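The lines below spell out each chain.
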Amino acid sequence: MSLRVNFSYAFTLNFKESVRKHAFCLRMLPLSNGVQTLLDWELHINNDVPFYVSRDGFGNDLIFGTIEKSHRNFEAVLKGSVAFHGSYQYKDNENAALYVHPTTLTPFSPLARDYVETLMLPQSPLSLAKMLNQTIFQNFEYLAGVSTTSCDADALLLRHHGVCQDFSHLLITLLRLSHIPARYVAGFIDGEGESHAWVEALIDGYWRGFDPTNGIMLEHQPYIKIAHGRDFMDCRLNRGVFIGKNQQNLYVNVTVARDEQ
């Protein structure tokens, strides 16, 4: 039996001064895979600016276009629904070798190696992933405002405070050091005011979901997946270039609700 979930995602960029020739690239559309299917969607950008849909090298949908005229606000509002099928466990055709190496944000540093060596890890990959997920949840504290999008996993090990991006980067690092392919996931979850990040690990041939921020292994929770990649840099939900001063404020609002019909 499938679960239907309705979602809305709105974000607004307010520029301090007018900008023009604004080329935008957005990751907003939920993926369709073995866990979820995008049923329908409707997107409006600045009073119906035209846009195009393509895909990046990881199979994530990209929405892109250009606003030629001067503007001080950029608003994208997406509404739609997703159906979930069974537990969070699926296969795809992607090469798992993409997700076993260190990256800028998930380095195999002496700090990370020393940390994983202090843990008494079980032999079973699934038990190991569950333990690492719980270890991060129990030993690190969620605190907004102490990190930036350029912080790597070492920053969380040093500070012991961070946000979902930091928690996910640390789990990915420790899983890869334990020879388990792991990838960064960006998306929406029930009750979140903004986007969320979690981790998929390839275990016994299946991608399984882990949320170290909340200390859970994903099963039937309505986590709407938007994009995945090696780390946050592959999954940025919005990027853009424009002519004008780069002074802006970003406002994001996400709602996810189960369809009770």
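Notes on the structure follow. (Residues numbered from 1 in each chain as written. Predicted model: local features only at pLDDT ≥ 70, side-chain atom pairs only at ≥ 80, totals over all residues. Heavy atoms only, no water.)

1. Remarks on the overall build of the chain
For the chain, the helix and strand inventory stands at four helices and 15 strands. Taking 18 Å as the expected radius of gyration for a compact globule of 261 residues, we find that the chain reaches 19 Å, a close match to that expectation. Structurally, the chain occupies a C-alpha span of about 60 × 45 × 30 Å along its principal axes. Within the span of the chain, comprising 261 residues, buried residues form 49% of the whole. Nonlocal contacts in the chain, meaning residues at least 24 apart in sequence, comprise 74% of its contacts between residues at least 6 apart. Entry remark: accessible area of the chain is about 12500 Å², with carbon and sulfur atoms responsible for 50%. Where the 22 positive side-chain charges of the chain centre and where its 27 negative ones centre are 6 Å apart. (Helix = DSSP H or I, 4+ residues; strand = E, 2+ residues; numbered from the N terminus. Rg over C-alpha atoms; globule rule 2.2 N^0.38 Å. Buried < 20%, exposed > 50% of the residue type's maximum accessible area, 1.4 Å probe, protein only. Contact = heavy atoms within 4.5 Å. Areas by Shrake-Rupley, 256 points an atom, 1.4 Å probe, with all protein chains shown as cover. Lys, Arg positive; Asp, Glu negative; His and termini not counted. Charge placed at Lys NZ, Arg CZ, Asp CG, Glu CD.)

2. Some remarks on the nonpolar core
Among the nonpolar cores identified, the biggest contains 73 residues, and Leu-26, Met-28, Ile-45, Phe-74, Leu-175 and Ile-224 are the most heavily contacted of them. Counting residues per element, this core draws most heavily on strand 1 (residues 2-26), which supplies nine residues. For Ile-224, the residues in contact, after removing those within four places along its chain, are Val-5, Phe-7, Pro-30, Gln-36, Val-82, Phe-84, Ala-186, Gly-187, Phe-188, Trp-198 and Val-256. (Core = buried A, V, L, I, M, F, W, Y, C linked by side-chain atoms within 4.5 Å.)

3. Section: unusual backbone geometry
Of note in the backbone geometry, Asn-46 takes a positive phi value of approximately 40 degrees without being a glycine. Among the structural elements, Asn-46 can be located in the loop between strand 2 (36-45) and strand 3 (52-55). The phi dihedral of His-179 is positive, around 70 degrees, even though this residue is not glycine. Within the secondary structure, His-179 is located in the loop between helix 4 (164-177) and strand 9 (182-188). Given a relative accessible area of 72%, His-179 falls into the exposed group.

4. Quick word on the packing of helix 2 (residues 125-139) against helix 4
Helix-helix packing is described using two parameters, namely the angle between the two axes and the distance between the axes. Running from N to C, helix 2 and helix 4 cross one another at 145 degrees; their axes reach a closest spacing of 10 Å. Here helix 2 and helix 4 pass one another in a crossing that is right-handed. Judged by residue contacts, Leu-128, Ala-129, Leu-132, Asn-133 and Ile-136 of helix 2 engage Phe-167, Leu-170, Leu-171, Leu-174 and Leu-175 from helix 4. The residue inventory of the contact of helix 2 with helix 4, partitioned by class, reads nine nonpolar, one polar and no charged. (Axes fitted to C-alpha atoms, helices over the stretch in contact; angles between N-to-C directions. Left-handed = near helix turned anticlockwise from the far one by under 90°. Nonpolar A, V, L, I, M, F, W, Y, C, P; charged D, E, K, R; others polar.)

5. Focus: the packing of aromatic side chains
Given two aromatic rings, one states the distance between the centres and the angle between the planes to describe the pair. In the structure shown here, the tally under the stated rule is 14 aromatic pairs. Relative to Phe-188, the ring of Tyr-9 has its centre 4.8 Å away and its plane inclined at 50 degrees; by these criteria the two rings are tilted. Of this pair, Tyr-9 sits in strand 1 while Phe-188 sits in strand 9, and the two are 179 residues apart along the sequence. We note that Tyr-9, like Phe-188, is buried. Taking 6.3 Å as the distance between ring centres and 75 degrees as the angle between the ring planes, the aromatic pair formed by Tyr-184 and Phe-232 counts as edge-to-face. (Phe/Tyr/Trp six-rings, centres within 6.5 Å; stacked < 30°, edge-to-face > 60°.)

6. Concerning the layout of surface pockets
Here the largest pocket is characterised by a volume of approximately 880 Å³. Lining the largest pocket are 27 residues, and of these Thr-149, Gln-165, Glu-194, Ser-195 and Phe-232 sit closest to its centre. Those elements that place two or more of their residues in the lining of the largest pocket are helix 4, strand 9, strand 10 (196-203), strand 14 (238-243) and strand 15 (248-258). Tallying contributions element by element places strand 14 first for the lining of the largest pocket, with three residues. In terms of residue class, the lining of the largest pocket is made up of 13 nonpolar, ten polar and four charged. (1 Å grid on protein atoms, 1.4 Å probe; cavity = no way out; pocket = protein on both sides within 12 Å on 5 of 7 lines; lining within 4 Å. Points joined across faces, edges and corners; volume = space filled by probe spheres on them.)

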